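# Structural description and commentary
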Amino acid sequence: MGGHPEMRLPLCSFSIFRSLLTQRQTASPQRRGLSGAAMRLVQFHRHGDGGGGIRVGVEQGEGLGVVDLKAFDPSMPSTVRELLELGDEGLQCAQRALASGRCVLERSDIQLLSPVSAPEKVVCVGMNYRDHCLEQNAPIPEEPIIFSKFPSAITGPYDDIALPSESQEVDWEVELAFVIGRRGKHIKEEDALSYVAGFTVANDVSARDWQMKRNGKQWLLGKTFDSFCPLGPALVTTDAVTDPHNLGIRCLVNGDTVQSSNTDQMIFKTAALVAWVSKFVTLTPGDVFLTGTPPGVGVFRKPPVFLKKGDIVECQIDQLGSIINKVV
């Protein structure tokens, strides 16, 4: 194919061309994604569906139209978690749907939801950026610091963050999130990436008073108020991300940049986290991992800054997209 193939092919064909290319590049023993498919999976409601159920779609590109998977193939499931449970078969059907160019919905006709809903687990990692440890004069951890949010904290990429009346110290934390694609326990680090379906953007919203002073300094309550885990906009499959540990990561509050770093600052990277957590628990498709935040959070500013009603929080990660949530 001479010239620039990407100039001549429609976007959906290019993504298949690129995934074939990617498959060839990653056919090493360290298998990357589940099926070598470069895609952006989303969950959505259709406007005018009368609050109808969740549907799964494939974005034609960041911010572009969405192929409705169930309209393309009525046998396909209605949630990304169920799609991942089908393994390669589900992702291959999603690829066929994307390549068909059929059943495309305009963005104006849908409301994007979090790309995963009701996962079995939301696993979070504390103190996982070198620069974030330096900001609080904390030692670099020798093993991952794991905590959790309840799955009920998950909300959509453009949904509101509800300020609880119980807290006066609600803070932002932009984070790279990844989603497990297949079941595993005691996973070896060298095999771990083959258990990861893809990556997305998260905001680990945190009530610092409850995290740091109340509840015996256990972090859970301060981290798990309703709406404290905005996620999205899409689950970007592993093969569509060139290097998840070299991505610009930013948080803006009311348009002002408050966090700006790179995922190369992560202390424990994706494979190490999968291997570590799978020593303790069985990982299942749809499990969400939040991998820690860079410096710039409100609590360590002088004086501290916390979110207030009306604030707009935008979390951005290169190649993945951005989530924008209003504080109410």
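Residues numbered from 1 in each chain as written. Predicted model: local features only at pLDDT ≥ 70, side-chain atom pairs only at ≥ 80, totals over all residues. Heavy atoms only, no water.

### Considering a nonpolar patch on the surface
Rules: A patch is a set of surface residues, each over 30% in relative accessible area and not in a salt bridge, joined within 9 Å for like charges and within 5 Å for the nonpolar side chains Val, Leu, Ile, Met, Phe, Trp and Tyr. Every accessible area reported is derived by Shrake-Rupley at a probe size of 1.4 Å, with residue values counting cover from the shown protein chains alone. Between Lys or Arg on one side and Asp or Glu on the other, a salt bridge is scored when a side-chain nitrogen of the former is within 4 Å of a carboxyl oxygen of the latter. Secondary structure is summarised from DSSP: a helix means a run of H or I of at least four residues, a strand means a run of E of at least two, and numbering begins at the N terminus for each. The cut-offs for exposure are 20% and 50% of the maximum accessible area for each residue type, with area from a 1.4 Å probe on protein chains only; residues under the lower value are buried, those over the upper are exposed, and the others partly exposed.
A surface patch of nonpolar side chains, amounting to about 240 Å² of accessible area, comprises Y158, I312 and I324. In this fold, I312 is placed in strand β17 (residues 312-317). The class for I312 is partly exposed, based on a relative accessible area of 34%.

### Thoughts on the sheet that holds strand β14 (residues 248-253)
As a reminder of what qualifies: Each pair of strands is called paired provided DSSP finds at least two bridges between the two strands. Note on method: axes are straight lines fitted to C-alpha atoms, helices fitted across the in-contact stretch only, with angles between N-to-C directions ranging 0 to 180 degrees.
Pairing is antiparallel across the open sheet formed by four strands, whose spatial order is β15-β14-β17-β18. Two strands bound the open sheet, and with one partner strand each, they are β15 (256-262) and β18 (321-326). Along the sheet, successive strands turn relative to each other by an average axial angle of 10°, direction set aside. In this structure, β14 lies alongside β15, joined through six bridges in antiparallel fashion. Of the residues in β15, the one forming a bridge with G248 is N262.

### With respect to the nonpolar core
Quick note on the threshold: Among buried residues, the Ala, Val, Leu, Ile, Met, Phe, Trp, Tyr and Cys ones that are joined through side-chain atoms within 4.5 Å form a nonpolar core. When checking whether two residues touch, look at their non-hydrogen atoms; a contact exists if any pair is within 4.5 Å.
Core analysis: the largest hydrophobic core is formed by 57 residues, its most contacted members being F178, C251, V274, F289 and L320. Excluding residues within four positions of it along the chain, C251 makes contact with W172, V174, D256, T257, V258, Q259, V313, E314 and C315.

### Describing the confidence of the model for the chain
Here is the rule we go by: Each residue gets a pLDDT score, which is the predictor's confidence in that residue and runs from 0 to 100.
Per-residue confidence for the chain gives a mean pLDDT of 90; residues scoring 70 or more make up 89%. For residues 1-31, every residue scores under 50 in pLDDT, and the model assigns this stretch 36 contacts once sequence neighbours within four places are set aside.

### Quick word on helix α5 (residues 88-100)
Threshold: Multiplying one less than the number of residues by 1.5 Å gives the expected span of a helix.
Between its first and last C-alpha, α5 extends 18 Å over 13 residues, near the 18 Å set by a 1.5 Å rise per residue. Turning to α5, its buried residues number three or more, namely G90, L91, C93, A94, Q95, A97 and L98. Directly after α5, the chain includes G101, whose backbone phi takes a positive value near 70°.

### What to know about unusual backbone geometry
Omega for the peptide link from G232 to P233 comes to -5°, which places this bond in the cis form. With respect to the secondary-structure elements, P233 resides in strand β13 (residues 229-237). Omega for the bond connecting K302 with P303 falls within 30 degrees of zero, at -5°, which places this linkage in the cis form. Position of P303 relative to the elements: it lies in the loop between β16 (288-290) and β17. With phi around 55°, C103 is a residue other than glycine that occupies positive phi space.

### Here's the deal with the packing of aromatic side chains
Our working definition: For this analysis, a ring pair means two rings from Phe, Tyr or Trp (six-membered ring only for Trp) whose centres lie within 6.5 Å, classed as stacked if their planes differ by under 30 degrees, edge-to-face if by over 60, and tilted for the remaining angles. Only when the NZ of Lys or the CZ of Arg is both within 6 Å of the ring centre and within 35 degrees of the ring normal is a charge said to sit over the ring.
With the rule as written, the count across this model stands at five aromatic pairs. Summarising the aromatic geometry, the rings of F178 and F289 are spaced 4.6 Å apart at their centres and angled 15° between planes, so their arrangement reads as stacked. With a gap of 111 residues between them, F178 in strand β10 (residues 174-180) and F289 in strand β16 connect regions that are remote in the sequence. The same class applies to F178 and to F289, which are both buried. These aromatic residues form a ring-pair network of at least three members: F178, F199 and F289. Across the ring face of Y195, the terminal group of R182 is positioned such that the distance to the ring centre comes to 4.0 Å. The ring of W210 is capped by R214, whose NZ or CZ atom sits 3.9 Å from the centre of that ring.

### Some details on the environment of R183
Among the secondary structure elements, R183 is positioned in the loop between β10 and β11 (196-203). Here R183 falls in the exposed class, since its relative accessible area comes to 58%. Considering only alpha carbons, one finds R183 and G87, 96 residues apart in sequence, at a separation of 10.0 Å. Residues contacting R183, with those up to four places away along its chain left out, are Y195, T282, L283, T284 and P285.

### Structural notes on the environment of Y129
Structurally, the position occupied by Y129 is in the loop between β6 (122-126) and α6 (130-135). Along the backbone, Y129 and N262 are 133 residues apart, and their C-alpha atoms lie at a distance of 9.2 Å.

### Observations regarding helix α9 (residues 270-277)
Counting buried residues in α9 gives seven out of eight residues, a clear majority hidden from the surface. Of all the residues in α9, the buried ones are T270, A271, A272, L273, V274, A275 and V277. In this structure, the buried side of α9 is in contact with β6, β7 (145-149), β10, β11 and β16.

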